[in-house]
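In case you want the letters, here they are:
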Amino acid sequence: FFYDEQLRRYILQFMRIFADFKIELPADENGVKVQKRIPIVYGDMSRQVAQILNQNSANTTLSAPAMSAYIQAMEIDDQARRDVSNVLPAQVVERDYDETTGTYSSDAGNRYSVKRFMPVPYKLTMNLDIWTTNTTDKLMLIEQILVIFNPSVQLQTNDNPLDWSSIFEVKMQGMSWSSRGVPQGGDSANDIMTIMFEVPVWVNPPSK
């Protein structure tokens, strides 16, 4: 059995891009403006979590503004495929660790020979849904997001020095401005804007 939470780390790193966006609320009677942080959740929730958020009622409306991220599609990337039988060895020398003092010394410690096997490339399509109740909130959020992706954002899945596939890029592909139709009529549902992103993913087998 082997499970390293690789796809989970890609999803979490993608969501962290949008974890601290804010909107500015209208000024109160004292002329003070307050900024409100917009939460982001994983959109593909379980039925139990959905029931809790809806307060066990079908009449509860999800709060907005908010953002949700989820996997829209995943396909294998044939152009990024390399020799599947390739093995890249690495020699690792740890610094000597003193158990009594709990510190590392400058002397050489344990030595390892690590064999890294060729990972499998995939293309992950991630969607970001922006839930808003008015156009002003939507414009505040989208303006902050658009200036970041020019055209991509580079991220790192982990801090393992032996993982050569830890660096990846998130590239914006396109967007759907609104989930509402025109004319809107009497529909009072939240407006949802969807932005599509392409994320290259490398799924690594366990090293020896």
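That block above? That's the structure.
What you are looking at is a predicted structure, and each value in this text was computed from that prediction instead of being measured. Residue positions are given per chain, counted from 1 along the sequence in the order it is written. Residue-level local features of this predicted model are given only where pLDDT is at least 70; pairs of side-chain atoms are given and counted only at 80 or more, and the full residue set underlies all totals for whole chains, interfaces and linings. Excluding hydrogens and water, the side-chain figures rest on all heavy atoms present in the structure.

Q: What should I look at first to understand a nonpolar patch on the surface in this one?
A: A surface patch of nonpolar side chains, about 370 Å² in accessible area, is lined by Leu139, Leu146, Met175 and Trp177. Turning to its location among the elements, Leu139 is positioned in helix H3 (residues 135-146). Since its relative accessible area comes to 42%, Leu139 is described here as partly exposed. What goes into a patch is any residue over 30% in relative accessible area without a salt bridge, connected to like charges within 9 Å or, for nonpolar side chains (Val, Leu, Ile, Met, Phe, Trp, Tyr), within 5 Å. Accessible areas in this description were obtained via Shrake-Rupley with a 1.4 Å probe; residue shielding takes into account the shown protein chains only. A carboxyl oxygen of Asp or Glu within 4 Å of a side-chain nitrogen of Lys or Arg is what we treat as a salt bridge. Runs of E in the DSSP output that reach at least two residues are strands. Runs of H or I that reach at least four are helices, and both are numbered from the N terminus. For the exposure calls, accessible area comes from a 1.4 Å probe over protein chains only, and a residue counts as buried if that area is under 20% of its type's maximum, exposed if over 50%, partly exposed in between.

Q: Whenever I open this one, the pairing of strand S4 (residues 66-76) confuses me. Can you help?
A: When DSSP finds at least two bridges between two strands, those strands are taken to pair. As defined by bridge partners, strand S3 (residues 40-42) adjoins S4 across three bridges and the pair is classed as parallel. Bridging from a neighbouring strand, Tyr42 pairs with Ala69 of S4. Here S4 pairs with strand S7 (residues 120-132) via 10 bridges, running antiparallel. Looking across to S7, one finds that Ala73 is bridged to Thr125.

Q: Even after reading the chapter, I still don't get the packing of aromatic side chains, so can you show me in this structure?
A: Each aromatic ring pair is summarised here by two numbers: the centre-to-centre distance and the angle between the ring planes. Pairing of aromatic rings covers Phe, Tyr and the six-membered ring of Trp, with a centre-to-centre limit of 6.5 Å; geometry is then stacked below 30 degrees between planes, edge-to-face above 60, and tilted otherwise. Under the defined criterion, the tally for this structure stands at nine aromatic pairs. Measuring from ring centre to ring centre gives 5.6 Å for Phe18 and Phe197, while their planes differ by 55°; the resulting arrangement is tilted. Taken together, the positions of Phe18 in the loop between helix H1 (6-16) and strand S1 (22-24) and Phe197 in strand S10 (residues 191-203) put the pair 179 residues apart, joining distant regions of the chain. Like Phe18, the residue Phe197 is buried in the burial classification. Within the aromatic cluster, the residues linked to one another by ring pairs are Phe14, Phe18, Phe21, Phe149 and Phe197.

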